[in-house]
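Descriptive structure summary
Now for the letters of each chain:
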Amino acid sequence: MTGYKVLVVEDSPTMRQLIVFALKRIRGFQIVEANDGVDGLKKLSAEKFDLILTDINMPIMDGLKLVSMVRNDPNYKETPIIVITTEGAIEDRERALALGANEYITKPIQTMKILETVKKLMSV
Amino acid sequence: MSDTSSSQALKDFISETEEIIGTLNYDLVKLADAVETGDCDPDVLNGIFRGAHSIKGLAGMFGFDDLSSLSHAMENLLDGLRLGKVPFTQPLVDTLFSSLDVLIQLIDGKSNDENFTLDLVPILALIDQSAEGEASSAEDPLAGLDIDPGILNVLTEYEEHRLLENIRKGRAIHLLRMDFELSSFDQELAEITEQLKQQGEVVSTLPSAGEIGERIAFQILFGSELKRSDIELLLSRDDLDISTCGRADVEMEPEGFVLEEPDARPDTAMATLERLPAAVEEVDAGSSMRSISRTVRVDIDKLDLLMNIVGELVLSKSSISNIGDRIKASADKELATELAKATRILERRLHELQKGVMDVRMVPVGQLFDKMTRIVRRVSNEQGKKVDLDIRGADTELDKLIIEDVSDPLMHIIRNAIDHGLETPEERRQVGKPEKGHVQLWASQKGNHVVIEVHDDGRGIDTEGVRRKAVEKGLISEGQSLSEEEIYDLLFMAGFSTRDEVSDMSGRGVGMDVVKNNIAALSGMIEVKSTQGQGSSMIITLPITLAIIKALIVQVGDKTYAIPINSVLETLMIDADVIQTVEKREVIELRKSTVPLLRLNQVFGLDSEEEKTDEKRLFVAIVGLAEKRMGFVVDELLGQQDVVIKSLGKALSFVQGIAGAAELGNQKTILVLDVAGLMTEALRGESSLNV
């Protein structure tokens, strides 16, 4: 078992469900879901995660803040982060990468793309 | 392919887009109100933008190109508006309303027919036209501003724009730093944001970099006409640290400034609400604003909570019954009878409540099957195989949690069926089968269980090949003779894979052992049937729900266990001498069939009454799962009871034969037996008995 813990931060429940569904194809992924940046932060502080997928455009606290926060926490220095962005939002995507996100996926999300990206970052 | 299966995803889609449209409409009305002053609430505008953005994402996901391009155009226009690149005018608001109308018509249409579409050219042209307004002059972004670049870096393009807007308005930019308890930071933050919004604009909320420890610090970028001291007064927090930058500085003092009580906001909200019906009437008669779907989205955790409460209630009821019995025995007979009557009524209502909550948790397996149709389509394409999927029983209902947890195993089984089971079209032609492979995915309810079957008409399981492989892998010895069933069992052993190269699709390192364990974790069971050359079947038997079960409480030695009643067929009292021994296994004759026995005291290493059993009568609980029968030998049958199953938690999840823990009415915790696990373990290697 790989036994990785994965946090998925996304405000749309349907979208979140689809991302989770894709990730579940990887054995041993234990997936925790969060509705927005603040919720994500809350979950990050409760337990340690091995991979984070986050949307950028979210209410309350967006993905950029989350990425910056995570990257600056010594516990999460190396944790891979994948940001989920809209095709057009190049500006925000570049900022996310500059802040330390490892990879990005553009919406509409494809299962294969998620799996490929995850595989690029983790040994699964 | 069944209609019901694909419609669930669509229903989910409709209900989420509907929610979004509801908010969009509400916010658009607010936006329209602000046109006159030209000064709209950035939160409202940003909310509308996000709504369009979400719909675009969802539409893309579901392949609705029309909806996707419309919401994309809207999103673009709104992005321009919120970034100040498109002027805020009445025609623009009109365009947005028209776009929303078309959006509603589209979604309404699709809720009846997935292929419904509309001519979008006119509305797209209109949006384009509106987006072409001359951009307001962009300033040199934030050049002269004394803000920490670390903060500027994490701002989105939109936040940057809002920051500039605030400066342009002559507001002071404050950076508020506060520090919260980790357990409540989200609520506190929400409260503070709400307070601040009365007095200005919260441009951004930034968590402070550093370790996430006991406490967490946040910085709020706040544009306002308030002075630093006013903010301190407003929030009255000891840990508040404010630094102020921007052009409007500490000097600026709004005349006669009074801290407003934050009741101004509900007022405006009410006013908008009152104006809402008028706006609704303006919407084109063709697109009704009534709710399209009648579903409510509920977090499964909330249902779990309800379920737990119902469980606790059931337990409380048991203790009341107990008290009633004691009163009956000792004191006032009349009172006892009344109590008994009241308890019975309570019991009935509780039962209804329990059933109601249970029903809410039930979802049709069609949801699951729908995912599977996508898998089938994709896998067959990737493998160059032609597959016809036959779905039946999509409306069979199962507990939502079970559906979630069985989805991976089922997906794996189906991938296997196509990948390993079905031959290539060429191979099929050669053996005289139709080119198109046939996969059946059937669900049906049998008593308290749901049976999910996956049949394929492929090459079947090559028993000889499996045996050889198992010998190679050292799982069995060379000369060992195995029944067909035992050979199928090998497939579920850890480390067994029939192909040397793990295929890209089925493989990914997941073995059938994981599938079996996952199903066992749900108190389910998986069986294999196969005929070489004709195909194979995987049959999964699952309990309908997990949370509350009726259980037979038994005593073994000095321990008490619960056996889920849905797997108990009958209970017997037998004399020790009717037990026979066949091939070193204890069995009894039961109505002309042989039922193997399992002494639970041996299984759990409880030696207490072992010596005495010979001269004693024994109690046997006959359990059955699918076609198999077995008798569990126990010391006492203590009766039936509702128990609330609680998971044992990770640390104990490996314990064999135990499905979980349950609480009895008297606050005693007992272990619940994993009947499927115990049976499989005990029956291994003795299929010669044909049980």
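Shown above is the structure to which this text applies.
My aim in this report is to walk through the structure given alongside it, one point at a time.

Re the overall build of chain B
Tallying secondary structure elements over chain B gives 20 helices and 22 strands in all. The buried share among the 691 residues of chain B stands at 49%. Taking as baseline every contact in chain B between residues at least 6 positions apart, the subset at least 24 positions apart corresponds to 70%.

Overview of the sheet that holds strand β11 (residues 535–543) of chain B
All names here are of chain B. Here five strands make up an open sheet; going across it, the order is β6-β8-β9-β11-β10 and the pairing mixed. Sheet topology places β6 (387–392) and β10 (525–531) at the edges, where each strand pairs with a single neighbour. Ignoring which end each strand starts from, the neighbouring axes of this sheet average 15° apart. Note: strand β8 (residues 437–446) against strand β9 (residues 449–456), eight bridges, orientation antiparallel. Directly across from V439, in β9, lies its bridge partner D456. Here helix α14 (residues 400–421) sits on the sheet and contacts β6, β8, β9, β10 and β11; the angle it forms with β9, its principal contact strand, is near 20°.

Some thoughts on helix α3 (residues 63–72) of chain A
Residue and element names in this part refer to chain A. With nine of 10 residues buried, α3 is to be regarded as a mostly interior element. Regarding α3, the residues found buried are G63, L64, K65, L66, V67, S68, M69, V70 and R71. Its side-chain oxygen 2.9 Å from the backbone nitrogen of L64, D62 forms the N-cap of α3.

Quick notes on the interface of chain A and chain B
Contacts between chain A and chain B engage 42 residues on the former and 53 residues on the latter. Taken together, the two surfaces of chain A and chain B that pack against each other cover about 4,200 Å², and 58% of this comes from carbon and sulfur. Counting the surface chain A buries against chain B, the share from its top three residues, F21(A), R25(A) and K65(A), is 16%. Taken together, the links from chain A to chain B amount to four salt bridges. Applying the counting criterion to the chain A and chain B interface returns five residue pairs in polar contact (both at pLDDT 80 or more). Going through the elements one at a time, α1 (13–23), α2 (37–46), α3, α4 (90–99) and α5 (111–121) of chain A are the ones with two or more residues in the side of chain A that touches chain B. With six residues, α1(A) is the largest single contributor of residues to the side of chain A that touches chain B. Class assignment for the residues of the side of chain A that touches chain B results in 19 nonpolar, 10 polar and 13 charged.

Re the pattern of salt bridges
Residues and elements named next belong to chain B. Per the stated rule, a full pass over the model turns up 31 salt bridges over all chains. Of the charged contacts, one joins E404 and K400 as a salt bridge, the two residues approaching to 3.3 Å between their closest N and O atoms. Linking E404 with K400, this pair stays in helix α14, spanning four residues, or about one helical turn. We classify E404 as partly exposed; its relative accessible area is 25%. Note that E586 and R599 form a salt bridge whose closest N and O atoms lie 2.8 Å from each other. Remark: R599 occurs in strand β17 (residues 593–599) and E586 occurs in strand β16 (residues 585–590); sequence separation between them is 13 residues.

Quick notes on the pairing of strand β3 (residues 51–55) of chain A
For a regular strand, the rule is simple: side chains alternate between the two faces of the sheet. Residue and element names in this part refer to chain A. Counting buried positions over the five residues of β3 gives five, a clear majority of the element. Burial along β3 is two-sided: the residues L51, L53 and D55 and I52 and T54 are all buried. Inspection of the sheet shows β3 paired to strand β4 (residues 81–86) by four bridges, in the parallel sense. When the sheet's bridge partners are listed, D55 is paired in β4 with I84. Tracing the backbone out of β3, into α3 and back to the parallel element β4 gives a crossover that is right-handed.

Some thoughts on unusual backbone geometry
All names here are of chain B. Here the phi dihedral of S236 falls at roughly 35°; this positive angle occurs in a residue that is not glycine. With respect to the helices and strands, the residue S236 is situated in the loop between α9 (228–235) and β4 (241–245). Residue classification places S236 among the exposed residues on the basis of a relative accessible area of 60%.

Some details on a nonpolar patch on the surface
Residue and element names in this part refer to chain B. Side chains of L305, L306, I309, L313 and L353 sit close together on the surface and give an oily, nonpolar patch of about 440 Å² of accessible area. Looking at which element gives the most residues to the nonpolar patch, the answer is helix α11 (residues 300–330), with four residues. Relative to the elements of secondary structure, L313 occurs in helix α11. The exposure class assigned to L313 is partly exposed, which follows from its relative accessible area of 38%.

Parameters at a glance
Every residue gets a number counted from 1 within its own chain, in the order that chain's sequence is written. As a convention, the first chain written is A and the first ligand written is 1, with the rest following in written order. Since the coordinates come from a predicted model, pLDDT governs what is reported: local features require at least 70, and pairs of side-chain atoms require 80 or more to be given and counted, while whole-chain, interface and lining totals use all residues. Just so you know, side-chain values use all the structure's heavy atoms and leave hydrogens and water out. Working definition: helices are DSSP H or I runs of at least four residues, strands are E runs of at least two. Numbering for both runs from the N terminus. Under the scheme applied here, a residue whose accessible area is under 20% of the maximum for its type counts as buried, over 50% as exposed, and between as partly exposed, the area being computed with a 1.4 Å probe on protein chains only. Throughout, a contact is declared for two residues whenever any of their heavy atoms are within 4.5 Å. Strand pairing is defined by DSSP finding a minimum of two bridges between the two strands. A fitted line through C-alpha atoms represents every axis, and for helices the fit uses only the stretch in contact; the resulting angles, taken between N-to-C directions, go from 0 to 180 degrees. Pairs of N or O atoms within 3.5 Å make up the polar contacts considered here, provided that, within protein, one atom can donate a hydrogen while the other can accept it, and that residues adjacent in sequence are counted only when both atoms are side-chain atoms. We define buried area as the total accessible area lost by two parts upon association, computed with a 1.4 Å probe and summed across both. Every case where a carboxyl oxygen of Asp or Glu lies within 4 Å of a side-chain nitrogen of Lys or Arg is listed as a salt bridge. In this classification, Asp, Glu, Lys and Arg are treated as charged, Ala, Val, Leu, Ile, Met, Phe, Trp, Tyr, Cys and Pro as nonpolar, and every other residue, Gly included, as polar. Crossovers are described as right-handed under a simple rule: with the strands pointing away from the observer, the path leading from the first strand over the helix to the second runs clockwise. Only residues whose relative accessible area exceeds 30% and that form no salt bridge enter a patch; like-charged residues are grouped when within 9 Å of one another, and nonpolar side chains (Val, Leu, Ile, Met, Phe, Trp, Tyr) when within 5 Å. In this description, accessible areas are obtained by the Shrake-Rupley approach with a 1.4 Å probe, and a residue is regarded as covered only by the protein chains that are shown.

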